[in-house]
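# Reading the structure
One letter stands for each residue in the lines below.
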Amino acid sequence: MAVQTINAFRTLPGRAADHMAATTEAVGHLRRMGLQSVALQPIAGTDVGQITITTLHADNAAHMASLQTMQSDAEWQDFFGRVTLDPIAEQVESSILSDLDPTYQP
């Protein structure tokens, strides 16, 4: 059963360019670590002004393995430390979803 993580961030005023750059860097790191990640930006609706990073995992074990990979990756830790010290966005969602269709394969 597939697992998807969703992390959404609302851009702080005046920080749109920084937020886009950091998102691009984050997705690059996640993909470098072998994760199926993508960034999404709403262009209409109530979520305009947010950027969401979503990552697909084959199952819960793969999700847990990705967390261990991220926690032990020096480049990810460096990136995370930099964006934490100079906030460009505030996190507004952190969800883990499980696909109810047992035939779905990410």
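## Quick word on the overall build of the protein
A count of helical and extended segments in the protein gives three helices and four strands. Radius of gyration (C-alpha) of the protein: 14 Å, near the 13 Å computed for a compact globule of 106 residues. Along the first, second and third principal axes, the C-alpha set of the protein runs to 45 × 35 × 15 Å. Here the analysis covers contacts within the protein between residues at least 6 apart in sequence; of these, 75% occur between residues at least 24 apart. For the protein, the exposed surface amounts to about 6,600 Å²; the carbon and sulfur share of it is 58%. Here the protein holds 5 positive side-chain charges and 12 negative ones, and the gap between their average locations is 7 Å.

## Side note on the pattern of salt bridges
Inspection of the entire model under this criterion finds six salt bridges. Between arginine 82 and glutamate 25 there is a salt bridge, with the nearest N and O atoms lying 2.5 Å from each other. Of the two residues, arginine 82 is situated in helix α3 (residues 74–85) and glutamate 25 in helix α1 (residues 16–32); the sequence distance between them amounts to 57 residues. Taking the relative accessible area as the measure of exposure, glutamate 25 reaches 29% and is therefore partly exposed. As a salt-bridge pair, arginine 32 and glutamate 75 come within 3.8 Å of each other at their nearest N and O atoms. You can see arginine 32 sitting in helix α1 and its partner glutamate 75 sitting in helix α3, a full 43 residues away along the chain. A relative accessible area of 45% places glutamate 75 in the partly exposed class. What you see here is one network of salt bridges that share partners, running through Arg15, Asp18 and Asp86.

## Here we look at α3
The terminal C-alpha atoms of α3, which comprises twelve residues, lie 17 Å apart, in line with the 16 Å expected from a rise of 1.5 Å per residue. For α3, the side-chain oxygen to backbone nitrogen distance between the N-cap and glutamate 75 is 3.2 Å, and the N-cap itself is aspartate 73.

## A closer look at the sheet that holds strand β2 (residues 36–40)
Across the sheet, four strands lie side by side as β2-β3-β1-β4; this open sheet has antiparallel pairing. Only two strands of the sheet have a single neighbouring strand rather than two, namely β2 and β4 (89–98). Strand after strand, the sheet turns through a mean of 15° between neighbouring axes, direction not considered. The sheet contact formed by strand β1 (residues 3–11) and β4 spans nine bridges and is antiparallel. Along β4, the bridge assignment pairs alanine 8 with glutamate 93. Contacting β1, β2, β3 (50–57) and β4, α1 runs over the sheet at an angle of about 5° to β3.

## What to know about the nonpolar core
Core analysis: the biggest nonpolar cluster contains twelve residues, these being Ala22, Ala26, Val27, Leu30, Met33, Leu35, Ile53, Met70, Trp76, Phe79, Ile88 and Ala89. Taken together, the elements giving at least two residues each to this core come down to α1 and α3. Looking at this core element by element, the count peaks at four residues for α1. Excluding residues that lie within four positions of it along the chain, alanine 22 makes contacts with Phe79, Val83 and Ile88.

The rules behind these values
Residues numbered from 1 in each chain as written. Predicted model: local features only at pLDDT ≥ 70, side-chain atom pairs only at ≥ 80, totals over all residues. Heavy atoms only, no water. Helix = DSSP H or I, 4+ residues; strand = E, 2+ residues; numbered from the N terminus. Rg over C-alpha atoms; globule rule 2.2 N^0.38 Å. Contact = heavy atoms within 4.5 Å. Areas by Shrake-Rupley, 256 points an atom, 1.4 Å probe, with all protein chains shown as cover. Lys, Arg positive; Asp, Glu negative; His and termini not counted. Charge placed at Lys NZ, Arg CZ, Asp CG, Glu CD. Salt bridge = Lys/Arg side-chain N within 4 Å of Asp/Glu carboxyl O. Buried < 20%, exposed > 50% of the residue type's maximum accessible area, 1.4 Å probe, protein only. Expected span 1.5 Å × (residues − 1). Polar contact = N/O pair within 3.5 Å; in protein donor to acceptor, adjacent residues only side chain to side chain. Pairing = 2+ DSSP bridges. Axes fitted to C-alpha atoms, helices over the stretch in contact; angles between N-to-C directions. Core = buried A, V, L, I, M, F, W, Y, C linked by side-chain atoms within 4.5 Å.

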